Amino acid sequence: MQMDTIMSYLNNMFAALPRTEQTFKLKQDLLAGMEEKYYELKQEGKSENEAVGIVISEFGNIEELAAELGISPVSEEDLFPLLSEEEAAGYMSVKKRTGLFTGIGVALCLTGISLMILFNTLVENGWFGSFASEDAGNMLGLVAMFLLLVPAVGMFIYSGMKQEKYSYLQAGFELPYHMKLEVERRQAAFAPTYTLSLILGVCLCILSVIPVFAASAFGDSATSYAVIALLEIVAVAVFLFVYYGNIKESHTVLLKKPKAAKLQKEEERVIGAVAAVVWPLATCIFLVSGFVFGSWHINWVIFPVTGLLFGMFCAFYNIVKGKESS
Amino acid sequence: MISSDVIRGYNDTIILSLLLDGESYGYEISKRIRMLSEEKYIMKETTLYSAFTRLEKNGFIDSFFMDETFGKRRTYYRITPLGRAYYREKCEEWKLTQEVVSKFIREL
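None of these values were measured; they are calculated from a predicted model.

This part covers the interface of chain A and chain B. Across the boundary between the two partners, chain A contributes 21 residues, which contact 19 residues of chain B. Across the chain A/chain B interface, buried area totals approximately 1900 Å², and carbon plus sulfur atoms make up 49% of it. Of all residues in chain A, Glu36, Glu58 and Glu68 of chain A bury the most surface against chain B, accounting for 30% of the area lost on that side. Where chain A meets chain B, there are 17 residue pairs in polar contact (both at pLDDT 80 or more). Sorting the residues of the side of chain A that touches chain B by element identifies helix H2 (21-43) and helix H4 (62-69) of chain A as the ones contributing at least two each. Considered class by class, the residues forming the side of chain A that touches chain B number seven nonpolar, five polar and nine charged.

As structure tokens, this is what we get:
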């Protein structure tokens, strides 16, 4: 119990020092010594409070130690809040879960679109026969798509809200040394999995166009089925990117240098703002062109095209910004 | 109790002298200082660890880890040949200092 008092005293004393390997080791040594002194004093028959009092009064002056280490206590301004173990672990697990939900959500959206194309094609090919009119078949496709979009949107909102809790990390933070080691260990252990997921995803993306090429030999409706296959393969690939990407990002964010974190903020804000405009706009164009002009068979290309352009913008912006700051 | 200002220049000498008897760790050293000085000098923790840092930086002592029975790791220190030479130097310096200062000390 009383050891907690000593520990928090020591934590306070070291709070103003930069967290380097050297200060961490010193702190551990000091703690071990203080602990031993405390238990010996108690064995001598001192009360707990008395023992803690003696240990703390014989601690000395942290500035003396700082001067010897050639470090000056960090000023309040440069000091970022220290992340607790629970916060760091919580962030990683939330990031993993939101990655899962976002990944499934995106895959659902793509599946919804492919379902709609499927119904369209089926109608065109007369699969519904006399059961339903062409319009009813198309409506069925739309309904199926929206049925999948609804849970997807729910998942996006849920993920967003879950992550909102950790938005304060963007303001900069300091990771305790032992947590840093733990995250670094996890990052190293995760690297092969991430690389594999990346390779798999990229291969899937490349392979996804093969059915389209192959189908072009067999006429229009074959192409439609091929597009459906493409969308589904891309859905799997996107899921891999989002899910494993989120896990990787959780490590990267935690290990980011506080200064770099601050700089990153502006870039992320700009990209976020652009994304907030571009994607709803693409969706609007998609829906309007579909409902008004009935161009469902081709207007889905807006999404891959937007994705491509947006990706190019992000990469370009990051390079330009990165040059500026270096 | 001795004021830490007066004794400051000899903290390193005190620690080195204890390490001449064999390797040791922080708490043991501070305990022995307290005992040998008959509780007249208690070295503060930060003073002790500042001295360790300084001595190690100058190559007068080495540090290494040793596992304790309860799975804890303790940092042990041992004196180097350079440290012994420095210790002898400081002893000479002290003899001279004592000789000089004592000439100005008289009973009133």
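Don't stop here, the text continues.
In terms of nonpolar packing, the biggest core is built from 39 residues, with Ile6 of chain A together with Ile15, Leu16, Ile29, Tyr49 and Phe52 of chain B touching the most fellow members. Considering each element in turn, this core owes the most residues, six residues, to H2 of chain A. Setting aside residues up to four positions removed in sequence, isoleucine 29 of chain B forms contacts with Ile15, Leu18, Leu19, Ser24, Leu48 and Phe52 of chain B. Core analysis: the second largest hydrophobic core is formed by 19 residues, Ile113, Ile228, Ala235 and Val242 of chain A among them.

Any two side chains of opposite charge can pair, on the condition that their charged atoms come close. Taken as a whole, this structure holds 18 salt bridges over all chains when the rule is applied. Two residues, arginine 34 of chain B and glutamate 58 of chain A, come together in a salt bridge whose shortest N-O distance is 3.0 Å. In this pair, arginine 34 of chain B sits in helix H3 (residues 26-36) while glutamate 58 of chain A sits in the loop between helix H3 (48-57) and H4, so the two residues belong to two different chains. Taking relative accessible area as the criterion, glutamate 58 of chain A reaches 8% and is therefore assigned buried. A salt bridge links glutamate 68 of chain A to lysine 57 of chain B; the nearest nitrogen and oxygen atoms lie 3.9 Å apart. Placement of glutamate 68 of chain A in helix H4 and of lysine 57 of chain B in helix H4 (residues 45-57) is noted, with the two residues assigned to different chains. Connected through shared salt-bridge partners, Lys37 and Glu58 of chain A together with Arg34 and Glu45 of chain B make up one network.

What counts as what
- Residues numbered from 1 in each chain as written.
- Chains lettered and ligands numbered in written order.
- Predicted model: local features only at pLDDT ≥ 70, side-chain atom pairs only at ≥ 80, totals over all residues.
- Heavy atoms only, no water.
- Contact = heavy atoms within 4.5 Å.
- Buried area = accessible area lost by both parts, 1.4 Å probe.
- Polar contact = N/O pair within 3.5 Å; in protein donor to acceptor, adjacent residues only side chain to side chain.
- Helix = DSSP H or I, 4+ residues; strand = E, 2+ residues; numbered from the N terminus.
- Nonpolar A, V, L, I, M, F, W, Y, C, P; charged D, E, K, R; others polar.
- Core = buried A, V, L, I, M, F, W, Y, C linked by side-chain atoms within 4.5 Å.
- Buried < 20%, exposed > 50% of the residue type's maximum accessible area, 1.4 Å probe, protein only.
- Salt bridge = Lys/Arg side-chain N within 4 Å of Asp/Glu carboxyl O.

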